[in-house]
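So the chains spell out like this:
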Amino acid sequence: KTSMSLGKLLLVKAEKDPFFLISEDEWYCSRIVVTTPEGDVVLFPCYRWISRGELVELRGGRGLLKNEMAIHYKLMMLTSLNVFQTFSDYEQVLICKSSMITDKIGNNIFCQCVSEYVMQHWKDDDFFGFQFLNAINPNVIKRCSELPPNFSVTEEMVKPFLRDGTSLKQEMGKGNIFICDQKIMDGIPTRMYDGHPLQVAAGLCLFYMNPENKLMPIAIQLHQQPSEQNPIFLPSDSEADWLLAKLFIRSSDLLEHQAVYHLMSTHFLAEVFAIATFRCFPEIHPLYKLLIPHFRYTLNVNSGARNSLLGPDGSLGYEGIKELMRRGLSRMTYSSLCLPENIAARGLQSIPNFYYRDDGLKLWNIINSFVKYIVEHYYPSDSDVCKDTELQEWINEIFTHGVLGNKLSGFPASFNTVEEVIKFITMVIFTVSVQHAALNNEQFDYSSWMPYGSGLLHKPAPTTKGQSSMTTLLETLPNIGETVKFAGMLWVLSHKYTDVVLLGQYPEERFDEPTPKQMIKEFQAELSYLSEEITARNSRLEVPYTYLNPTEIENSVTI
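Presented here is a report on the structure given in the accompanying data block. Given the structure is predicted, the values throughout are model-derived calculations rather than measurements. (Residues numbered from 1 in each chain as written. Predicted model: local features only at pLDDT ≥ 70, side-chain atom pairs only at ≥ 80, totals over all residues. Heavy atoms only, no water.)

Here we come to the overall build of the chain. Regarding its fold elements, the chain presents 20 helices and 11 strands. In the chain, buried positions account for 55% of the 559 residues. The contacts of the chain with a sequence gap of at least 6 include a subset with a gap of at least 24, amounting to 75%. Of the accessible surface of the chain, which amounts to about 24300 Å², a share of 54% is contributed by carbon and sulfur atoms. (Helix = DSSP H or I, 4+ residues; strand = E, 2+ residues; numbered from the N terminus. Buried < 20%, exposed > 50% of the residue type's maximum accessible area, 1.4 Å probe, protein only. Contact = heavy atoms within 4.5 Å. Areas by Shrake-Rupley, 256 points an atom, 1.4 Å probe, with all protein chains shown as cover.)

Moving on to helix α4 (residues 113-121). Within α4 the residues assigned to the buried category are Val 114, Ser 115, Tyr 117, Val 118 and His 121. Considered in projection along α4, the buried side chains sweep an arc of 155° and stay on one side of the axis. Among the exposed residues of α4, those oriented more than 90 degrees off its buried face are Cys 113 and Gln 120. Looking at the buried side of α4, the elements it contacts are α5 (125-134) and α17 (443-447). (Arc of directions from axis to C-beta.)

On to empty space enclosed by the protein. Applying the stated criterion across every chain, the model contains three cavities of 30 Å³ or more. Along its surface, the largest cavity is lined by Trp 122, Phe 128, Leu 243, Lys 246, Leu 247, Arg 250, Pro 451 and Tyr 452. With four residues, helix α8 (residues 239-280) is the single largest residue contributor to the lining of the largest cavity. Counted by class, the lining of the largest cavity contains six nonpolar, no polar and two charged residues. (1 Å grid on protein atoms, 1.4 Å probe; cavity = no way out; pocket = protein on both sides within 12 Å on 5 of 7 lines; lining within 4 Å. Points joined across faces, edges and corners; volume = space filled by probe spheres on them. Nonpolar A, V, L, I, M, F, W, Y, C, P; charged D, E, K, R; others polar.)

Inside soluble globular proteins, nonpolar side chains tend to come together where they are buried. By size, the foremost hydrophobic cluster in this structure holds 134 residues, and its most contacted members are Trp 394, Phe 424, Ile 425, Met 427 and Tyr 446. The element that contributes the greatest number of residues to this core is α8, accounting for 23 residues. When residues of this core are assigned to domains, at least three fall in each of domain 2 (91-252 + 449-488) and domain 3 (259-308 + 318-441 + 515-539). When neighbours within four sequence positions are excluded, Met 427 is seen to be in contact with Phe 273, Tyr 334, Leu 337, Cys 338, Trp 364 and Phe 411. Judged by nonpolar contacts, the second largest core, of 17 residues, contains Cys 144, Phe 151, Val 158 and Ala 219. (Core = buried A, V, L, I, M, F, W, Y, C linked by side-chain atoms within 4.5 Å. Domains from an automatic or database assignment.)

Attention shifts here to the pairing of strand β2 (residues 26-35). Here nine bridges tie β2 to strand β3 (residues 41-51), and the two strands are oriented antiparallel to one another. Across the sheet, Thr 35 pairs through a bridge with Val 41, a residue of β3. (Pairing = 2+ DSSP bridges.)

Attention now moves to the layout of surface pockets. Taken as a whole, the second largest pocket encloses approximately 740 Å³ of empty space. Forming the boundary of the second largest pocket are 33 residues, of which Asn 139, Val 140, Tyr 261, Arg 331 and Arg 346 lie nearest the centre. Mapped by element, the contributors of at least two residues to the lining of the second largest pocket are β5 (142-143), β6 (177-181), α8, α11 (317-331), α12 (339-345) and α16 (418-440). Ranked by residue count, the leading element in the lining of the second largest pocket is α8, at five residues. Here the lining of the second largest pocket is composed, by residue class, of 16 nonpolar, nine polar and eight charged. Residues lining the lining of the second largest pocket come from more than one domain, with at least three contributed by each of domain 2 (91-252 + 449-488) and domain 3 (259-308 + 318-441 + 515-539).

Okay, here's the thing in structure tokens:
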């Protein structure tokens, strides 16, 4: 304590007493608040563990760009990434006990209403179509204006499944035909299981939005190249043939979802964004303060994901999932990660009953407005963007290491305008919160019932019609032990733990200025209004879409 003026406080140094008698080595410091002799209150955020004898420099809570600072010491974060990303005690227990949970839920595994609905309706064609819009992978279906040349569907084949008096060509012209093309799965290697390779298909599935606004599958081809051993399966085929065809489509969709859209495009992208943030921004930078809450636990959970999902016991094995992600990365674009552009590119602006789109676009706009206020507060002009060397270093690192410098991806390598910064940071926050919730939270609901789709298929896709039975279906599916293990993993992935931090919540106070604090309150209010709207909508639905309710979305990739 002193009565002498301290001048303008730029930083404080904190040290854990190396000679303190208690044997505990680390101390968690949330923040230090200094009241100056003049009566000013200055916040110094920390939110990290401090080891015995470690000296830590803390910057003030006011966000400052590099050119605003009279004194600037850049903190090197790489040596302490692990302390920033350490799991809470509860989450460590949750993960460590996942095998025990699997055993306990084996006898009562399908206890939630959506998973029960799946059990009851998994054979229904309209429910099969519904899940391509609102289940684990709403990323692949798109409007079809012309059949691919390798999809040997004819007018005569599908005419019985269209509205009377119309044709496939006419319905394409009206925008009522949609397609899922799994060419990314073609030739993907699989791992061996009991001396035999596991099976995957690289199919094509054609959908029709009928007059009742139900999306119905009307034709399935299970391999990319047409041949006599690659028939077109139709709803009028035998029950076993049609169910098997849908099973192989759904199973490949599950694998593509897990490797490309979930693991690579949320988990690993979040890691790229996080590492670039740690490396390029000092803690006092306003964009560090804005972004760092959205990387909570991400590095830790990704470390575990590499060991489990990329190990030899994964559905595809290491080589298969590596190749699938390589293909996914080569075709990933910046615009595909920006939901408004993604929806428009796939021609899905007006398809009915698409709740992922409806809720996702509203969330995109809410996040975008919040980011716009924050960014414009610290970057009044485009020249401020161009002069911020730390910001330019950040985006260049993402471009170089995230998409490997691929200019065709459309990812920016630099920023020239405020608007470019706003859009990119909106995409970052949306990806690590909203998009991850949309791809992760419903996994148990829609994938725990194995006849509806599995990453472990033991028999190859049928090559002829009329030769399969329900026994064939059962022989294709995983056994009971595999099923319980897989469902247990999905239960853990979909489970909400007690110290969850939801989108818009910022328990770590990093901004000290009134303006960003007020912007955060307005952001939270908008999310609350949307939550009420989604809850009211869901009360009228047979199958509610809860996954993008803000009360279900975490601020970061944590599991």
